[in-house]
Structures are given as C-alpha cells and as structure tokens.
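Spelled out from the first residue to the last, the chains are:
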Amino acid sequence: MSFGITWGQGSGPWFTAKEVGLKIWQISDHGSDNIYLVEGKKKAMLIDNGLGSADLVSYIKTLSTKPLIVVITHGHPDHAGSDYQFEEVYIHPADAESAKAFNRPDTRAASAKTMQGANAPAENEIYKGQVYETKLLPVKEGQVFNIGGRKMEVMETPGHTPGGISVLDVKNKILFTGDNNNSLVWLFLLNCLPLNKYLVTLEKQKARISEFTTIMPGHGPAMSSDFINDQIECVKGILNGTLERKEYKSFAGNALISTYGKASVTFNPDNL
C-alpha cells in the first residue's frame, strides 16, 4: 500500500497503459497503482495485478497474447487483488497468507470501499470472468524466469512486507520494485519489518546497483537507480535521529514521516 496518490481517476476506462520500455507496459489501475507487463519472445510476465476490481485478464490480452506468468511483489490488496483472476500466481511464501486473505470476496469488497470509494468500477467494468482457487507458487532469491530473450530475476527485498520481492529485467537493467522503492514508502503497518531490517534491504540493492539503471515502482513514475541512495540516507537519518520527524495521517493509521532528498519514509517509532 502507499498513500499520497489519488485513488481513482473518475470516469473513463478502468485500465490505461503506456509503453515505458521495450515491450514493457506500465498499466494504471485506475490511478491507484502500477501494474507492469513485460513481453519476451515466448512468454509475457505480469508484475503485480492491482486491486482486483475490474477485468484485468481481458485488458492484458489487448496488449499481449503470449502465455502469461504472473508474479506478485507483495501481498497487499492493491498489488495482489486480482490473484483470483489467474489460475497460478508466483509470490514469496512469507506474503502468501496475506494475498489469500485479500482475495476473499468480503476482504476484496472492503479494500474497494477503502481505496476507491466513489470511484469504484461501473457495472460494465467489474470482472465477470473465471474466478479461480488460485494456486500460489513460491519464489525465492535468485530465481530466474526466461520469457524468451529476456531473463527476469527475483530479488528478495523485505521491509514493507516480510515477503517483498523485486524483479530484475537482467538484459535491460530495469528493476521492478513494488512498494520497496516508492518516493514515499510505508514502514508503519503491522507486518512491516523494523526500519533497521529495511536498511539492510536497501543496502543489498545498492550493492547491485551496477545491474540496473531504472526503477519501476509500484506507485508513481520510473526513477533512476541512484534514488536508492536518498532512501538509504533517509532511513539512516531516522535511525540516528538527525532527520526531522513530522506527524503523518492516513486511512491505514497514523505514523511519523521523515524526508531526505527525493525519498520519504513513514515509520512507527516503536519499530526501528
């Protein structure tokens, strides 16, 4: 989850897409989150699947008809909410139960009410296709999906959730990061890891920064890989007490927030 974005964009098609790289589409889930479709010569990979309010399956087919692999960066409802539309989904085991919980009809409806409100989908936008008892398949550090001339490597990036992952498009040096590297990262939710553990994840990414030039986040536009440096300094400044702390309020609860450069982190002062 993330805050500081607009939940919904009013009338118009639920999904819109723009090509942000070679055979890479950034799909807007009605303004709520980013879904990414990456096409190789043999298969395509869907990275995250949004809130689950509308017919994502049909929309994907307008962009690519290649066999589809679905990989989820973490188990929150705005990233794993459409799991029920797919027969199989890859997710880190530490986030599997969370994803299952958010794909029950009652929790899906509650998420829609909280996150979309008046911008909930119109009748003709609601998903009416096959509903699956989705099989959740595990992913782990270093796992590689070869989709045809394009290798997609899993990087474990816990912090925002215990089972957070990023996906590296090896050849094209692009890292898809879910909510790990947003301009605003939430680290105050109940299942977030302590801030010092999140710092380990950021430093792990920095150690591999020569392998990617671009970050494709779960919310907001693409960023340069050196954004991670601002994130590291932000977290260090929180931990050592050198950064200003301000109150932060959201629909998911209240927290504190600090900013360094282009990076902001919200946190629970009792979970550092």
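Right above here is the structure, for reference.
Residues numbered from 1 in each chain as written. Predicted model: local features only at pLDDT ≥ 70, side-chain atom pairs only at ≥ 80, totals over all residues. Heavy atoms only, no water.

Asker: Lay out the sheet that holds strand S8 (residues 144-146) in plain terms, naming residues and giving numbers.
Answerer: Pairing between the strands of a sheet is mediated by backbone hydrogen bonds and can be parallel or antiparallel. The strand order across the open sheet built from 6 strands is S8-S9-S10-S11-S13-S14, with neighbouring strands paired in mixed fashion. Strands with a single pairing partner mark the edges of an open sheet, and in this sheet they are S8 and strand S14 (223-224). Two strands pair when backbone bridges link them, and S8 and strand S9 (residues 151-156) are joined in this way by 3 bridges, in the antiparallel orientation. Paired with Asn146 across the bridge in S9 is Lys151. (Pairing = 2+ DSSP bridges. Helix = DSSP H or I, 4+ residues; strand = E, 2+ residues; numbered from the N terminus.)

Asker: Run through helix H1 (residues 56-63), naming residues and quoting values.
Answerer: Residues of H1 that are buried: Leu56, Val57, Tyr59 and Ile60. Mapping the buried residues of H1 onto a view down its axis gives an arc of 160 degrees, with all of them on the same face. Every exposed residue of H1 that faces more than 90 degrees away from the buried side is listed here: Lys61 and Thr62. Lining the buried residues of H1 we find strand S1 (15-21), strand S2 (24-29), strand S3 (34-39), strand S4 (44-47) and strand S5 (68-71). For H1, the capping residue at the N-terminal end is Asp55, with a side-chain oxygen 3.4 Å from the backbone nitrogen of Val57. (Buried < 20%, exposed > 50% of the residue type's maximum accessible area, 1.4 Å probe, protein only. Arc of directions from axis to C-beta. Contact = heavy atoms within 4.5 Å. Polar contact = N/O pair within 3.5 Å; in protein donor to acceptor, adjacent residues only side chain to side chain.)

Treat this as a map of the structure, not an account of what it does.
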